[in-house]
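Survey of secondary and tertiary structure
Chain by chain, the residues:
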Amino acid sequence: MHKSYFLIVFSILVFIETIIANFEGLENLHFVSKPLIVGLLLFYFSKYGKHLKPHTKTFTILALSFSLVGDVLLLFVYRSGLFFIAGLLAFLIAHIMYSIVFLKQRNTEMKPYGFVFLLLIYASGLFYLLKPGLGDLLVPVVIYMFIILLMAVSAFLRHKSTNPSSYNQIFIGALVFMLSDSLLAINKFYSPFDFADFGIMFTYALAQLLIVFGLLKQE
């Protein structure tokens, strides 16, 4: 599939998931459109990532696969809160897989202290906001926050160890992934807000797209 055709199909799927599937009477479209977004990325990466090192291919496929599992599990949250816990675990593993991929290309001369400090300020503010609503999920959410911060730091550490295009796409993708998870957490544990589903899913799809394309461009 040519890149331009892929982007057209991918954009249509995201449009269906974020807009059309939220119309009254069309909610069941989520069960098709949501898994297809990452499923399409998984297919595209598997097809066009053959030039990458086995380590990168294996752990990226695992990251996308666990993301796909997480997407499916979160579709059934309305049936039981356990599906949310399971989905959280699946995405936690996906973030770990991505971190392993990024750290393999880290610039060992970089000192990320300033970036880590900024992330900790952001995470502390978010945690302060969410804490009253976390209840029994406080520990799992804190662990999840730590892992996604690790992914962002590992993406940051690729600076000057690969080409600028790959670095920029993956680093921005990691930050957008943080934003998507933050929106989800605020909507669930602090206060639901208008267009939450759109914001969460759009940023999530964009993050995954940027990371996959960035990996395909790395040297």
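So, here is what we can say about the structure in this document. (Residues numbered from 1 in each chain as written. Predicted model: local features only at pLDDT ≥ 70, side-chain atom pairs only at ≥ 80, totals over all residues. Heavy atoms only, no water.)

Attention now moves to the overall build of the chain. Scanning the chain for helices and strands turns up eight helices and zero strands. In terms of overall dimensions, the chain is globule-like: its C-alpha atoms have a radius of gyration of 17 Å, near the 17 Å expected for 219 residues. If you line up the chain on its principal axes, its C-alpha atoms span 45 × 40 × 25 Å. Put simply, the chain has 219 residues, and 47% of those count as buried. Considering only contacts in the chain between residues 6 or more positions apart, those separated by 24 or more positions represent 74%. Total accessible area on the chain is roughly 11300 Å²; 71% of this is exposed by carbon and sulfur atoms. The chain carries 15 positive and 10 negative side-chain charges, and their two centres are separated by 16 Å. (Helix = DSSP H or I, 4+ residues; strand = E, 2+ residues; numbered from the N terminus. Rg over C-alpha atoms; globule rule 2.2 N^0.38 Å. Buried < 20%, exposed > 50% of the residue type's maximum accessible area, 1.4 Å probe, protein only. Contact = heavy atoms within 4.5 Å. Areas by Shrake-Rupley, 256 points an atom, 1.4 Å probe, with all protein chains shown as cover. Lys, Arg positive; Asp, Glu negative; His and termini not counted. Charge placed at Lys NZ, Arg CZ, Asp CG, Glu CD.)

This brings us to the environment of V72. In this structure, V72 sits in helix α3 (residues 54–74). Judged by relative accessible area, V72 falls into the partly exposed class, the value being 33%.

Let's shift gears to the packing of α3 against helix α4 (residues 82–104). At a closest axis distance of 8 Å, the pairing of α3 and α4 adopts a crossing angle of 165°. For the element pair α3 / α4, the angle class is roughly antiparallel. Relative to α4, the crossing made by α3 is left-handed. The class makeup of the residues in the contact of α3 with α4 is 19 nonpolar, six polar and two charged. (Axes fitted to C-alpha atoms, helices over the stretch in contact; angles between N-to-C directions. Parallel < 35°, antiparallel > 145°, perpendicular 65-115°, else oblique. Left-handed = near helix turned anticlockwise from the far one by under 90°. Nonpolar A, V, L, I, M, F, W, Y, C, P; charged D, E, K, R; others polar.)

The next thing to look at is the nonpolar core. Among the nonpolar cores identified, the biggest contains 62 residues, and F10, Y98 and F102 are the most heavily contacted of them. Where this core is concerned, the elements lending two or more residues are α1 (3–18), α2 (30–48), α3, α4, α5 (113–134), α6 (138–156), α7 (164–190) and α8 (196–217). Ranked by residue count, the leading element in this core is α6, at eleven residues. (Core = buried A, V, L, I, M, F, W, Y, C linked by side-chain atoms within 4.5 Å.)

Another point: a nonpolar patch on the surface. Taken together, the side chains of F31, V32, L36 and Y78 define a hydrophobic patch exposed on the protein surface, amounting to about 410 Å² of accessible area. Checked against the element boundaries, L36 lands in helix α2. (Patch = residues over 30% accessible without salt bridge, like charges linked within 9 Å, V, L, I, M, F, W, Y side chains within 5 Å. Salt bridge = Lys/Arg side-chain N within 4 Å of Asp/Glu carboxyl O.)

To continue, consider the packing of aromatic side chains. Summed over the entire model, instances satisfying the criterion amount to 16 aromatic pairs. Ring geometry for F156 and F171: centres 5.8 Å apart, planes at 50°, overall tilted. With F156 in helix α6 and F171 in helix α7, this residue pair connects regions lying 15 residues apart in the sequence. Residue class for F171 comes out buried when judged on its relative accessible area of 16%. (Phe/Tyr/Trp six-rings, centres within 6.5 Å; stacked < 30°, edge-to-face > 60°.)

Function-wise, these values are silent; they only describe arrangement.
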